[in-house]
Amino acid sequence: MHKLDAPVSALIRDVAQRIVMPRFRMLDPGQIEEKAPDELVTIADTESEAALTEALLRLLPGSRVVGEEACAADESLMGTIGAGEVWIVDPIDGTHNFAHGQPPFGIMIALAADGVTQAGWIFDPIAGRMCHAARGQGFFVDGAPIRSRPTGQVPPIAGLSTKYLPDDFRADVEARAEGKLACVPIPRCAAEQYPRLILGVNDVALFWRTFPWDHAPGALMVEEAGGRVARLDGTPYAPSQDGKGLLVAATPDLWDAAAAILLG
């Protein structure tokens, strides 16, 4: 585990209890805004990010925070992830679900050093499940070490996030997957989709948008649990990168099989 696991985990649980959950199914219409088409933000997102930011900077003096909502106000922050120690914060992942009073949603945090993810946390406030990973030290659920386990299903179970794919590519992916992958509905929540790949629920995931707050914690977790995360051309993922497209699988063999099916 990372040396900061205990204080960061305690912080996340505290923010979930004090700020996030009291707003769940209690939001007034005026506390929900559309910051971009089909992109919601709530008062709980902004309050959660503010509390997490203040506390994380105290935990690690000299570090910086790049949060989803801060980036919505200042896109240039995205370009700062590659230098120094940076906390990458998603104050509520799955805001669409949260704003509509339904699970899943979660709090996601990663710690990067010079653009390389060193640790990650994903907390499910409803289940009370804390996932954590530290580079070179493994993946843990509520403190217990876990290795990824494929579903064992044939064909493999895939959650393909096709909404934001270019139209031609989406049609091609859907045609290629038919009969070769068992495609299931996605949860609209990376905080849920990444653990599913490790815990034997799904085998494969495909994403197009790769904002660092959505992927830095979960990508490290899959890799530390024994899976594979890579760009569509097979190159490694890093949170400081720009780019589109990410293929994730519970094992390297499943990644290769999915890439052959979906990408030819």
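Residues numbered from 1 in each chain as written. Predicted model: local features only at pLDDT ≥ 70, side-chain atom pairs only at ≥ 80, totals over all residues. Heavy atoms only, no water.

A. Structural detail: the packing of aromatic side chains. Throughout the structure, instances matching the rule amount to seven aromatic pairs. Measuring from ring centre to ring centre gives 5.7 Å for F24 and F98, while their planes differ by 25°; the resulting arrangement is stacked. On the criterion of sequence distance, the pair formed by F24 in the loop between helix 1 (5–20) and strand 1 (32–36) and F98 in helix 4 (residues 95–99) is long-range, its members being 74 residues apart. Each residue in the set F24, F98 and F105 is aromatic and connected to the rest through ring pairs, giving one cluster. Sitting over the ring of Y164, R209 keeps its end group 3.8 Å from the ring centre. Against the face of W255 rests R228, its NZ or CZ located 3.9 Å from the ring centre. (Phe/Tyr/Trp six-rings, centres within 6.5 Å; stacked < 30°, edge-to-face > 60°. Helix = DSSP H or I, 4+ residues; strand = E, 2+ residues; numbered from the N terminus. Lys NZ or Arg CZ within 6 Å of the ring centre and 35° of its normal.)

B. View of the nonpolar core. Counting residues in hydrophobic clusters, the biggest one holds 32 residues, and the most contacted among them are I88, F139, Y194 and V248. Elements represented by at least two residues in this core include exactly strand 4 (85–93), strand 5 (106–113), strand 7 (129–134), strand 8 (138–141), helix 6 (190–198), strand 12 (204–207), helix 7 (212–225) and strand 14 (246–249). It is helix 7 that provides the largest number of residues to this core, a total of seven residues. When sequence neighbours within four positions are dropped, the list of residues in contact with V248 reads Y194, L197, D203, V204, A205, F207, V222, R228, V229 and W255. Counting residues in hydrophobic clusters, the runner-up holds 29 residues, among them W87, F98, F105 and I107. (Core = buried A, V, L, I, M, F, W, Y, C linked by side-chain atoms within 4.5 Å. Buried < 20%, exposed > 50% of the residue type's maximum accessible area, 1.4 Å probe, protein only. Contact = heavy atoms within 4.5 Å.)

C. Looking closely at helix 2 (residues 43–59). Spanning 17 residues, helix 2 covers 24 Å between terminal C-alpha atoms, matching the ideal 24 Å at 1.5 Å per step. Of the positions making up helix 2, those classed as buried are A44, D45, S48, E49, A51, L52, A55 and L56. You can read the cap of helix 2 off the contacts: a side-chain oxygen lies 3.1 Å from the backbone nitrogen of A44, and it is on T42. (Expected span 1.5 Å × (residues − 1). Polar contact = N/O pair within 3.5 Å; in protein donor to acceptor, adjacent residues only side chain to side chain.)

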